[in-house]
Amino acid sequence: MRQKIVAGNWKMNNNLNEGIKLTSEVVNMVQDELTNGVQVILGCPFIHLTSVQKLTNGTKVALSAQNVHQEEKGAYTGEVSATMLKSVPVQYVIIGHSERREYFEESNELLAKKVDILLKNELIPIFCCGESLAIREAGNHVEYVCNQLKESLYHLSTADFSKIVIAYEPIWAIGTGVTASAAQAQEMHLALRNFIAEKYGQEIADNTSILYGGSVKPANAQELFACPDVDGGLVGGASLKSRDFVDIAKSF
Ligand code: PEP
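Reading the values: rules and limits
Residues numbered from 1 in each chain as written. Predicted model: local features only at pLDDT ≥ 70, side-chain atom pairs only at ≥ 80, totals over all residues. Heavy atoms only, no water. Pairing = 2+ DSSP bridges. Helix = DSSP H or I, 4+ residues; strand = E, 2+ residues; numbered from the N terminus. Axes fitted to C-alpha atoms, helices over the stretch in contact; angles between N-to-C directions. Contact = heavy atoms within 4.5 Å. Near = heavy atom within 4 Å. Polar contact = N/O pair within 3.5 Å; in protein donor to acceptor, adjacent residues only side chain to side chain. Areas by Shrake-Rupley, 256 points an atom, 1.4 Å probe, with all protein chains shown as cover. 1 Å grid on protein atoms, 1.4 Å probe; cavity = no way out; pocket = protein on both sides within 12 Å on 5 of 7 lines; lining within 4 Å. Sits in = over half its atoms within 2 Å of the grid points. Buried < 20%, exposed > 50% of the residue type's maximum accessible area, 1.4 Å probe, protein only.

Chemist: So what's going on with the sheet that holds strand S4 (residues 92-95)? Which residues, and what values?
Modeler: Pairing in this closed barrel of 8 strands is parallel, and the strands run S1-S2-S3-S4-S5-S6-S7-S8 around the ring. Averaged over all pairs of adjacent strands, the angle between strand axes in this sheet comes to 25 degrees, irrespective of strand direction. As paired elements, strand S1 (residues 5-9) and strand S8 (residues 232-235) share 4 bridges and run parallel to each other. Bridge assignment links Ala7 to a residue of S8, and that residue is Leu234. Docked against the sheet, helix H1 (residues 16-33) engages strand S2 (39-43) and strand S3 (61-65), running at close to 180 degrees with respect to S2.

Shown next as structure tokens:
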């Protein structure tokens, strides 16, 4: 059985005190209310990680960073390495978010290196992929997203690939309030699972968690999560409100 996951992505929001308050609320609600076995993850900015870790340690909530540098260490002022993240410790790292692809020009090739350094350090990549509206309107969305997987992940051994979490996030649905319909999400998730099966076999594909991201809210989570190939969500805006975020996790 693949793991059901609801991961929050705070992006560049919350000062330290706000992050601590939000984390405490989420941890308390998850501990008290969540009984469906969903793995809840908080994706925090780097400055929050050590404080948040103290609050999540020993609870059902896991911790994620939002980025990592691809090199082991060295003269990369302002960057954070996988070994640093491991030492916090965090368990997950979001990579390849469309905002990083767009504003920081992260390519599929660069992301392949980030995947490698994370796996080397026993950190779980949450690998984001997704198409723009123009690509969808041209009807090339499945091919485009499959190619993102191929160029960043398909160099991995079967054992390494089986550690990856995938987050399909159509760019046109991120932060826009426009959610992909359940049918659109299911179409892509099934296509990705079939594409993974072609390369790594059906068992690995069946065990890969594929999350949907893009304006997930308490009002639409249940319908999206009911899709057979949607294994949870990567949640931006709604992860900044503890009640909404935990209600999303409870939607399974
Ligand atoms: C995201 O940041 O990954 C995201 C999906 O954002 P939002 O939920 O706000 O659309």
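Chemist: Lay out the site of the ligand in plain terms, naming residues and giving numbers.
Modeler: In the vicinity of the ligand lie 14 residues, with Lys11, Glu169, Gly175, Ser215 and Gly237 positioned nearest. In this structure, an oxygen atom belonging to the ligand sits 3.1 Å away from a side-chain N or O atom of Asn9. Take Gly236: an N or O atom from its main chain is 2.8 Å from an oxygen atom of the ligand. For the ligand, whose free accessible area comes to 290 Å², the fraction covered by protein is 96%. Taken atom by atom, the bulk of the ligand overlaps the second largest pocket.

Chemist: Can you break down the environment of Ser251 residue by residue, with the values?
Modeler: By the element assignment, Ser251 lies in the segment after helix H12 (242-249). Dropping the residues within four chain positions of it, Ser251 is found in contact with Pro218, Ala221, Gln222 and Phe225. At 2.9 Å, the side chain of Ser251 forms a polar contact with the backbone oxygen of Asp247.

Chemist: Talk me through the side chain of Asp229; I want residue IDs and the actual numbers.
Modeler: Among the secondary structure elements, Asp229 is positioned in the loop between helix H11 (218-225) and S8. Given the relative accessible area of 9%, Asp229 is considered buried. Within the local environment of Asp229, its side chain forms a polar contact with the side chain of Gln186, the two groups lying 2.8 Å apart. Among the polar contacts listed, one links the side chain of Asp229 to the side chain of Arg193, at a separation of 2.5 Å. Setting aside anything within four residues of it in sequence, one finds Asp229 in contact with Arg2, Gln186, His189, Leu190, Arg193 and Ile210.

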